[in-house]
Amino acid sequence: MSVPSQAQASGLRFSSTQGRWILLATVMGSAVASIDATVVGIALPAIGRDFGAGLAALQWVVTAYTLTLAGLLLLAGVLGDKYGRKRVFLTGVIWFAVASLLSGVAPDAGTLIAARALQGVGAALLTPGSLAIIEATFRPDDRGRAIGAWSGLSGVGTAVGPFLGGWLVQAVSWRLIFAINLPVAAVVVAVSWRHVPESRDPGAAGPVDVPGALLVTLGLIGITYGLIEGPSDGWSSGPVTGALAGGAALGCAFAWRERHAAAPMLPLSMFSSVQFTVTNLVTFVIYGAIGGSLFLLPIQLQQVSGYTALEAGVSLLPVTVIMLVLSARSGALAGRIGPRLQMSAGPVMVAAGLALFARITESGDYLTEVLPAVTVFGLGLAVTVAPLTATVLAAAPAEHAGVASAVNNDVARAAGLIAVALLPAVGGITGGAYRNPEQLSAGFHSAVLIAAGLCAAGGLLAAFTVRNPPRPPRPAARPAPHGCALASPPAGEGR
């Protein structure tokens, strides 16, 4: 059932009943993928114990999901623009639920990694659709608020994941972390089917760029394999150098293909917008730093500081509260003053939070070591995420909403993918260090300080490159009746 709503004519108001249903569906759909990612992070030590897996296998549990997600996001954005964003979004939710069930019953690490790759396919289909639906259905003057609410509530889902996952891992089994996706997916399907209107790009034509999707996916697989296996096999070994060189060559082939294809999956003309290009570059730097750090943090807390899975999850709850309270307000503020200030200051705050993670030691005292770090980190995220997301969508043509959302998500996921593969090695954490608390802690401290430096650089980059959109001219003041010297202020002045 598709709703023939006014969304297609003039757009929905944020406060409308249908607008709230659409926000619920898109937030829950996006959250089901992000919750899964954070839940798995908390469960990694338990998975490693059950399967006797080392650090490389645990990295693959995370990156197998991110690989297919990042590799297919662009294709999914194009499919949504061409065949209907609601249709592709619902397909992704159902696919994700089935793959979650397969992950929960996996008998060994190899099967779990394969099921996680299938999960990534479903996440790729649903993720760009959630933002593209918001962009296509809400009124322009309400989109910033809607995106802010989406960012905050989705962030809450991301932050609730560790708490819920920790409780399930400790009370029952890590396998239940995948089962929680099933009822959430059922609600998303029911709400979307009834309340979300279908939207598509009327100008989308030509065949779907399947070769482009294969090139970018295989290129990411090659680069990721090389980065994960390099520390243990040696960077000069044949398989590692071959994978890295092959991945880079496939990436170049993808760029060439998109430049010359009649119907490219990624219209390179979108990058003619400096705002779009710069915002995605800032996204890459920030989300790489965040992704690599949040992969290591639960391991540090459990393997070094002696936290249980539940305690490690609960330790991140302040991020939930901060994102819930501030993200929508942050999006509204950016809509009034422009995104530049928040995109400059926010990453610096995130960097400060990451740097404070380096104070987490073997004692792991929550009030003095963990809480200050997660509080500052959460504040930085709340300041940054909504303006960044709204800016990258606003910088692209409305008819490319699905592709623009997919590009930004893809950049974020690829950054996290590379960081999870590379940051442990750069910090000195190898397979052996993973089992040695002292070496693991030293490597963790180095890694989060490197990540903090990257985040700060992202804020500096935004300060010099991001521009606020021009404000509409104020209407001229009308002379007061009877020649009064004072004129009334223009409507809306001072906002």
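Residues numbered from 1 in each chain as written. Predicted model: local features only at pLDDT ≥ 70, side-chain atom pairs only at ≥ 80, totals over all residues. Heavy atoms only, no water.

Participant: Help me get a handle on the overall build of the chain, residues and values and all.
Facilitator: A count of helices and strands for the chain gives 17 helices and 0 strands. Counting all 495 residues of the chain, 55% fall into the buried class. Looking at the chain alone, contacts between residues at least 24 apart form 83% of all its contacts between residues at least 6 apart. Accessible surface, the chain: about 19800 Å² in total, of which carbon and sulfur atoms supply 68%. (Helix = DSSP H or I, 4+ residues; strand = E, 2+ residues; numbered from the N terminus. Buried < 20%, exposed > 50% of the residue type's maximum accessible area, 1.4 Å probe, protein only. Contact = heavy atoms within 4.5 Å. Areas by Shrake-Rupley, 256 points an atom, 1.4 Å probe, with all protein chains shown as cover.)

Participant: So what's going on with the nonpolar core? Residues and values would help.
Facilitator: Ranked by internal contacts, the top residues of the largest apolar core, which has 70 residues, are Trp 174, Leu 354 and Phe 357. Counting residues in each nonpolar core, the second largest holds 49 residues, with Leu 69, Val 93, Met 265 and Val 407 among its members. (Core = buried A, V, L, I, M, F, W, Y, C linked by side-chain atoms within 4.5 Å.)

Participant: Summarise a nonpolar patch on the surface; cite the residues concerned and give the values.
Facilitator: On the surface, a nonpolar cluster with roughly 440 Å² of combined accessible area is contributed by Ile 94, Trp 95, Val 98, Leu 102 and Leu 118. By residue number, the principal contributor to the nonpolar patch is helix α3 (residues 85–104), which donates 4 residues. If you trace the backbone, Leu 102 turns up in helix α3. (Patch = residues over 30% accessible without salt bridge, like charges linked within 9 Å, V, L, I, M, F, W, Y side chains within 5 Å. Salt bridge = Lys/Arg side-chain N within 4 Å of Asp/Glu carboxyl O.)

Participant: Describe the packing of aromatic side chains, with residues and values.
Facilitator: Overall, the coordinates contain 6 aromatic pairs when judged by the stated rule. An angle of 50° between the planes, with centres 5.8 Å apart, marks the rings of Phe 357 and Phe 377 as tilted. Taken together, the residues span a long stretch of sequence, with Phe 357 in helix α13 (residues 340–357) and Phe 377 in helix α14 (residues 366–394) at a distance of 20 residues. In terms of burial, Phe 357 and Phe 377 fall into one category: buried. Above the face of the Trp 193 ring, Lys 86 is positioned so that its terminal group lies 5.7 Å from the ring centre. (Phe/Tyr/Trp six-rings, centres within 6.5 Å; stacked < 30°, edge-to-face > 60°. Lys NZ or Arg CZ within 6 Å of the ring centre and 35° of its normal.)

Participant: Now, about the environment of Thr 111: what can you tell me, with residues and values included?
Facilitator: Checked against the element boundaries, Thr 111 lands in helix α4 (residues 109–137). Along the sequence, Thr 111 and Val 61 sit 50 residues apart, while their C-alpha atoms lie 9.9 Å from each other.

Participant: An account of the environment of Leu 354 is requested, with residue identities and associated values reported.
Facilitator: Counting through the fold element by element, Leu 354 comes out in helix α13. Distance in space between the C-alpha atoms of Leu 354 and Val 448 is 5.7 Å, their sequence separation being 94 residues. Not counting chain neighbours up to four residues away, the residues in contact with Leu 354 comprise Ala 289, Ser 293, Phe 377, Val 448, Ala 451, Ala 452 and Cys 455.

Participant: Residues and numbers for the packing of helix α2 (residues 55–83) against helix α8 (residues 210–233), please.
Facilitator: Interhelical geometry of α2 versus α8 gives an angle of 160° and a closest axis separation of 9 Å. Classified by the angle between their axes, α2 and α8 sit roughly antiparallel to one another. The two elements α2 and α8 cross, and the hand of that crossing is right-handed. Here α2 contributes Ala 56, Gln 59, Trp 60, Thr 63, Leu 67, Ala 70, Gly 71, Leu 72 and Leu 75 to the contact with α8, which in turn contributes Ala 213, Val 216, Thr 217, Leu 220, Ile 221, Thr 224, Tyr 225, Ile 228 and Glu 229. (Axes fitted to C-alpha atoms, helices over the stretch in contact; angles between N-to-C directions. Parallel < 35°, antiparallel > 145°, perpendicular 65-115°, else oblique. Left-handed = near helix turned anticlockwise from the far one by under 90°.)

Participant: I'd like to hear about the packing of α3 against helix α7 (residues 181–195), residue by residue, with values.
Facilitator: Orientation of α3 relative to α7, taken along the N-to-C sense of each, is 165°, at an axis distance of 9 Å. Accordingly, the angle class assigned to the pair α3 and α7 is roughly antiparallel. By crossing handedness, the relation of α3 to α7 is classed as left-handed. The residues of α7 that touch α3, namely those facing Lys 86, Phe 89, Leu 90, Val 93, Ile 94, Phe 96, Ala 97, Ser 100 and Leu 101, are Asn 181, Leu 182, Ala 185, Val 188, Val 189, Ser 192 and Trp 193. Residue composition of the contact of α3 with α7, by class: 12 nonpolar, 3 polar and 1 charged. (Nonpolar A, V, L, I, M, F, W, Y, C, P; charged D, E, K, R; others polar.)

Participant: Now, about α7: what can you tell me, with residues and values included?
Facilitator: With 15 residues, α7 should reach 21 Å at 1.5 Å per residue; the first-to-last C-alpha distance of 21 Å fits that figure. Restricting attention to buried positions, one finds in α7 the residues Asn 181, Ala 185, Val 188, Val 191, Ser 192 and His 195. Relative to the axis of α7, the buried residues are bounded by an arc of 135° and lie together on one face. (Expected span 1.5 Å × (residues − 1). Arc of directions from axis to C-beta.)

Participant: Could you give me a rundown of the confidence of the model for the chain, with the residues and numbers involved?
Facilitator: Residues at a pLDDT of 70 or more form 87% of the chain, whose mean pLDDT is 81. Per-element confidence in the chain ranges from a low mean pLDDT of 68 for helix α16 (residues 431–434) to a high of 93 for α13. Of the regions scoring below 50 in pLDDT, residues 1–9 engages in 22 contacts with residues more than four places distant in sequence or in other chains. Long-range and interchain partners of residues 475–495, a stretch whose pLDDT sits below 50, account for 6 contacts in this model, where long-range means more than four residues apart. (pLDDT = per-residue confidence, 0-100.)

Participant: Residue-level account of the side chain of Arg 116, with values.
Facilitator: You can see Arg 116 is positioned in helix α4. Overall, Arg 116 belongs to the buried group, its relative accessible area being 1%. Within the structure, the side chain of Arg 116 is placed 2.9 Å from the backbone oxygen of Val 61, a separation counted as a polar contact. Sequence-distant contacts of Arg 116, that is, excluding residues within four places in its chain, are made with Asp 36, Val 40, Val 61, Val 62, Ala 64, Tyr 65, Thr 68, Ser 103 and Phe 178. (Polar contact = N/O pair within 3.5 Å; in protein donor to acceptor, adjacent residues only side chain to side chain.)

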